[in-house]
Amino acid sequence: MEIIMKYLKDYNTPIFWAEGHPGKLDKENWKVEITGLVENPIVLDWKQLLNLPSKTVKTRLTSVTRWSVEGDWTGIAISEIAKIFKIKNNAKFLRVYSYKLIYDTTIDLNIAFKEKTILAYKFNGYDLTEDYGGPVRLLVPYLWGYKSAKSVVKVEFTDTYTSGYWEKRGYTDHATFENTLVRDLNDEGKLKQFPSEFF
Ligand SMILES: Nc1nc2c(c(=O)[nH]1)N[C@H]1C(S)=C(S)[C@@H](COP(=O)(O)O)O[C@H]1N2
Ligand SMILES: [Mo]
């Protein structure tokens, strides 16, 4: 039997672009800057990025607006990036910036270094499209989705916390899950108790 994997769109995953949809992005010429408190800062081109060690994690993106979608996400672990480019020992946070640098967000390195926090470029084997943060996005399954910045162009290790786009507009800086009802997009949007019925 052939199993056809679903993409995010097939689960009716909402498309959030608070700063405006970026339109078609040039993946082949995409660059991601690794900067801040690292010994070896670099501007990675798309080929270099794809050549970094990757992993696939089964996990979910969950929005504070009460929906959650699960799948196999492929990308590069933040811990791997920190190791390869030699993070300095005074780094405490990871700040990531989306295309056009209007949207950014910051997370504690304790969360950034968890096994399922990745710079993701595939969902269920499909390349991420612009709608869902392609060519590459942050995925932080442990916190509300506004920490999972889309279409990332810059990754910065810092020693200071800075509130990002949504945090400045009222969402919490910590973004920790609350017990609440959430629509399970993998189960036709059925309302379930979160996080107990999901993880
Ligand atoms: N650049 C950018 N990244 C973003 C957002 C955004 O508006 N712009 N929305 C965030 C929020 S609130 C959520 S829940 C997820 C939604 O991801 P999706 O649009 O791929 O479903 O992206 C996050 N990353
Ligand atoms: Mo969200």
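Since the model is a prediction, treat every value here as computed from it, not as a measurement.

As for the pattern of salt bridges
Line of reasoning, step 1. One pass over the full model with this rule turns up 11 salt bridges.
Line of reasoning, step 2. Salt-bridge contacts for aspartate 127 lead to lysine 27; the nearest nitrogen and oxygen are separated by 3.0 Å. Of this pair, aspartate 127 sits in strand β8 (residues 126–127) while lysine 27 sits in the segment before β1 (31–36), placing them 100 residues apart in sequence.
Line of reasoning, step 3. Accessibility expressed as a relative area gives 24% for lysine 27, which makes it partly exposed.
Line of reasoning, step 4. Residue arginine 60 pairs with glutamate 70 through a salt bridge whose shortest N-O separation is 3.9 Å. Placement of the pair is arginine 60 in strand β3 (residues 55–63) and glutamate 70 in strand β4 (residues 67–77), with a sequence separation of 10 residues.
Line of reasoning, step 5. Given a relative accessible area of 5%, arginine 60 falls into the buried group.

Some points on the site of ligand 1
Line of reasoning, step 1. By nearness alone, 20 residues border ligand 1, and Pro14, Ala18, Glu19, Arg137 and Lys150 come closest of all.
Line of reasoning, step 2. In the environment of ligand 1, a nitrogen atom lies 3.0 Å from a nitrogen or oxygen atom belonging to the backbone of serine 148.
Line of reasoning, step 3. When isolated, ligand 1 has an accessible area of 530 Å², and the protein chains bury 98% of it.
Line of reasoning, step 4. For the shell around ligand 1, the per-class residue count stands at 12 nonpolar, five polar and three charged.

Here's the deal with a nonpolar patch on the surface
Line of reasoning, step 1. Together, Met1, Ile3, Ile4, Met5 and Tyr126 make up a nonpolar patch on the protein surface, roughly 630 Å² of accessible area in all.
Line of reasoning, step 2. For methionine 1, the position within the fold is in the segment before β1.
Line of reasoning, step 3. Its relative accessible area of 95% is what places methionine 1 among the exposed residues.

Here's the deal with the pairing of strand β2 (residues 42–45)
Line of reasoning, step 1. Relative to β2, β1 runs antiparallel, the two being bridged by four bridges. Looking across to β2, one finds that glutamate 33 is bridged to valine 43.
Line of reasoning, step 2. The loop that links β1 with its antiparallel partner β2 comprises five residues.

Considering the packing of aromatic side chains
For any pair of aromatic rings, geometry is given as the distance between the ring centres together with the angle between the planes.
Line of reasoning, step 1. By the definition in use, this model includes 19 aromatic pairs.
Line of reasoning, step 2. Measuring from centroid to centroid gives 5.8 Å for phenylalanine 93 and tyrosine 161, while their planes differ by 70 degrees, and the two rings are edge-to-face. On the criterion of sequence distance, the pair formed by phenylalanine 93 in strand β5 (residues 93–98) and tyrosine 161 in the loop between β10 (152–158) and β11 (180–184) is long-range, its members being 68 residues apart.
Line of reasoning, step 3. Look at phenylalanine 93 and you get buried, because its relative accessible area is 15%.
Line of reasoning, step 4. Note that lysine 114 overlies the ring of tyrosine 142, its terminal NZ or CZ placed 4.7 Å from the centroid.

Regarding the side chain of serine 151
Line of reasoning, step 1. Relative to the assigned elements, serine 151 resides in the loop between β9 (137–139) and β10.
Line of reasoning, step 2. The buried category is assigned to serine 151, whose relative accessible area is 0%.
Line of reasoning, step 3. Within the structure, serine 151 has its side chain in polar contact with the backbone oxygen of glycine 134 (distance 2.6 Å).
Line of reasoning, step 4. Setting aside residues up to four positions removed in sequence, serine 151 forms contacts with Trp17, Leu25, Trp30, Tyr97, Ser98, Tyr99, Gly133, Gly134, Val136 and Arg137.

Regarding the environment of serine 163
Line of reasoning, step 1. You can see serine 163 is positioned in the loop between β10 and β11.
Line of reasoning, step 2. Counting along the chain gives 109 residues from serine 163 to serine 54, while the straight-line C-alpha distance between them is 29 Å.
Line of reasoning, step 3. Apart from residues no more than four positions distant in its own chain, serine 163 is found in contact with Asp104, Lys168 and Asp173.
Line of reasoning, step 4. Looking at serine 163, its side chain comes within polar contact range of the side chain of aspartate 173, at 2.7 Å.

What counts as what
- Residues numbered from 1 in each chain as written.
- Chains lettered and ligands numbered in written order.
- Predicted model: local features only at pLDDT ≥ 70, side-chain atom pairs only at ≥ 80, totals over all residues.
- Heavy atoms only, no water.
- Salt bridge = Lys/Arg side-chain N within 4 Å of Asp/Glu carboxyl O.
- Helix = DSSP H or I, 4+ residues; strand = E, 2+ residues; numbered from the N terminus.
- Buried < 20%, exposed > 50% of the residue type's maximum accessible area, 1.4 Å probe, protein only.
- Near = heavy atom within 4 Å.
- Polar contact = N/O pair within 3.5 Å; in protein donor to acceptor, adjacent residues only side chain to side chain.
- Areas by Shrake-Rupley, 256 points an atom, 1.4 Å probe, with all protein chains shown as cover.
- Nonpolar A, V, L, I, M, F, W, Y, C, P; charged D, E, K, R; others polar.
- Patch = residues over 30% accessible without salt bridge, like charges linked within 9 Å, V, L, I, M, F, W, Y side chains within 5 Å.
- Pairing = 2+ DSSP bridges.
- Phe/Tyr/Trp six-rings, centres within 6.5 Å; stacked < 30°, edge-to-face > 60°.
- Lys NZ or Arg CZ within 6 Å of the ring centre and 35° of its normal.
- Contact = heavy atoms within 4.5 Å.

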